Amino acid sequence: MTKIDWDVVVIGGGSAGLSAALMLGRARRRVLVLDAGAPRNRFTAHMHGSLGHDGKSPIELLSTARDEVEGHGGVVRNATAVTTRREDDGFAIETTDARIVMARTILVATGARDELPEIDGLSERWGSGVAVCPYCDGYEVGNGRIGILATGPGSVFQAQLLRQWSDQIIYLPNATETPSGEERSAFEARGIRIENGLVKRVLSHTDKLSGVEFDDGRTIELDAIFTVSRLIPQDSPLRQLNAERTEHPWGSFATVDPNGKTSVDGVWAAGNVVNAMANVPVSIGTAALAAGAINHALVLDDIRLALDSNAVAATR
Ligand SMILES: Cc1cc2nc3c(=O)[nH]c(=O)nc-3n(C[C@H](O)[C@H](O)[C@H](O)COP(=O)(O)OP(=O)(O)OC[C@H]3O[C@@H](n4cnc5c(N)ncnc54)[C@H](O)[C@@H]3O)c2cc1C
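Read on for an overview of the structure. Bear in mind that the values here come from a model prediction, so they are computed numbers and not experimental data.

Rules used throughout
- Residues numbered from 1 in each chain as written.
- Predicted model: local features only at pLDDT ≥ 70, side-chain atom pairs only at ≥ 80, totals over all residues.
- Heavy atoms only, no water.
- Helix = DSSP H or I, 4+ residues; strand = E, 2+ residues; numbered from the N terminus.
- Core = buried A, V, L, I, M, F, W, Y, C linked by side-chain atoms within 4.5 Å.
- Buried < 20%, exposed > 50% of the residue type's maximum accessible area, 1.4 Å probe, protein only.
- Contact = heavy atoms within 4.5 Å.
- Polar contact = N/O pair within 3.5 Å; in protein donor to acceptor, adjacent residues only side chain to side chain.
- Salt bridge = Lys/Arg side-chain N within 4 Å of Asp/Glu carboxyl O.

1. Quick notes on the environment of glutamate 118
At step 1: Looking at the secondary structure, you find glutamate 118 in the loop between strand E7 (112-115) and strand E8 (130-131).
At step 2: Each C-alpha atom of the pair glutamate 118 and arginine 201 lies 9.6 Å from the other, and the pair is 83 residues apart in sequence.

Take a look at the structure:
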């Protein structure tokens, strides 16, 4: 029999992974977190919409969360899971620091990354002037001049959504189709201006976003830009385990039940890796649910193991 080191290995130490690890540590489970250390919101200095933590640095939140996990017996290691495979008695996870760890169960909480339009100066302002989520950053730029850099069909609604925060919304179709028909009428009805042209550059002044320049040389002044990024789940552990997937209009994500259980026995997932809409509080909450479900499954397994060993003892 292979030696199992951990009850649970959590792959990914962002808000989802650490939330689950805290629950599991408190349940006195042997829990290891492997973390590559690149949470999705690392580009922003202030996190919003997370009750009790509004305005806090996301890195500071995760540092406190690590301390809390370690304070309850969990181990957090700076390492990336490279391959994850099923073995007879559990799972083997090979890491970049050339170790193989063995786990009874796995929680994948590896998050997602944002693919942005390739425009000069845009990625430099990601998280400080350029944003994706109105609920995270809309309040701070309320009543400002907000450009909506269109990337696809979702951008028209993003403009209408941001109109909730400001009456100075400027829609930049860029390389997408200019809204017409009902969409255009709805823009006009709510005072959303359309500024056609290919965006050549995002402009900054004294380290703050100041506007955009079009390829015909025109410039407009802006206080912020919102854009719908393409969200790519970092789900190689789930792909390696052949977890089933669901195709959504916003992308292909591994399928999970309401408790985060995947189609693979012994494997759960939570946070942005399986849910494009998961902000920090949702990631923390869904991971806590998954942790409860994992512990429940482990208790059932503990009962089976105890019965088996009693039966063996009785035959001696
Ligand atoms: C610019 C920006 C600003 C945001 N602002 C807010 C905000 O104000 N409020 C809010 O609620 N939400 C905000 N969000 C959303 C927030 O980032 C996500 O909700 C949150 O990060 C999801 O948590 P997670 O744990 O699922 O993933 P993450 O936080 O991305 O954590 C995943 C972790 O897993 C690690 N990892 C990945 N692959 C592996 C591997 N193979 N092995 C080991 N580790 C791995 C990563 O390096 C990372 O550390 C923002 C997002 C962006 C892009």
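2. Section: the nonpolar core
At step 1: One finds Val8, Leu18, Leu107 and Ile294 to be the most contacted residues of the largest nonpolar core, which totals 23 residues.
At step 2: Of the residues forming this core, the biggest block, 6 residues, is contributed by helix H7 (residues 280-315).
At step 3: When sequence neighbours within four positions are dropped, the list of residues in contact with isoleucine 294 reads Val8, Leu24, Thr105, Leu107 and Trp268.
At step 4: Counting 22 residues, the second largest nonpolar core, distinct from the first, contains Val9, Leu34, Ile106 and Leu238.

3. Section: the environment of alanine 92
At step 1: Mapped onto the elements, alanine 92 comes out in strand E5 (residues 90-95).
At step 2: In this structure alanine 92 comes out as buried when scored by relative accessible area, which is 0%.
At step 3: Expressed as a C-alpha distance, the spacing of alanine 92 and alanine 103, which sit 11 residues apart in the sequence, is 6.6 Å.
At step 4: Among residues more than four places away in sequence, those in contact with alanine 92 are Thr83, Thr84, Arg85, Glu87, Ile100, Val101 and Met102.

4. Quick look at the side chain of asparagine 174
At step 1: Among the secondary structure elements, asparagine 174 is positioned in the loop between strand E10 (169-172) and helix H5 (181-189).
At step 2: A polar contact of 2.8 Å, which involves the side chain of asparagine 174, links it to the backbone nitrogen of valine 199.
At step 3: Non-local contacts of asparagine 174, meaning those with residues more than four positions away in its chain, are made with Ile119, Leu149, Ala150, Gly197, Leu198 and Val199.

5. Examining the pattern of salt bridges
At step 1: Scanning all chains against the criterion turns up 26 salt bridges.
At step 2: As a salt-bridge pair, arginine 99 and aspartate 97 come within 3.9 Å of each other at their nearest N and O atoms.
At step 3: With a relative accessible area of 29%, aspartate 97 lands in the partly exposed category.
At step 4: Across the pair aspartate 207 and arginine 125 runs a salt bridge whose closest N-O atoms are separated by 3.4 Å. One end of the pair, aspartate 207, is in the loop between strand E12 (199-205) and strand E13 (208-214); the other, arginine 125, is in the loop between E7 and E8, with 82 residues separating them in the sequence.
At step 5: Judged by its relative accessible area of 64%, aspartate 207 is exposed.

Function cannot be read off these values alone, since they describe shape.
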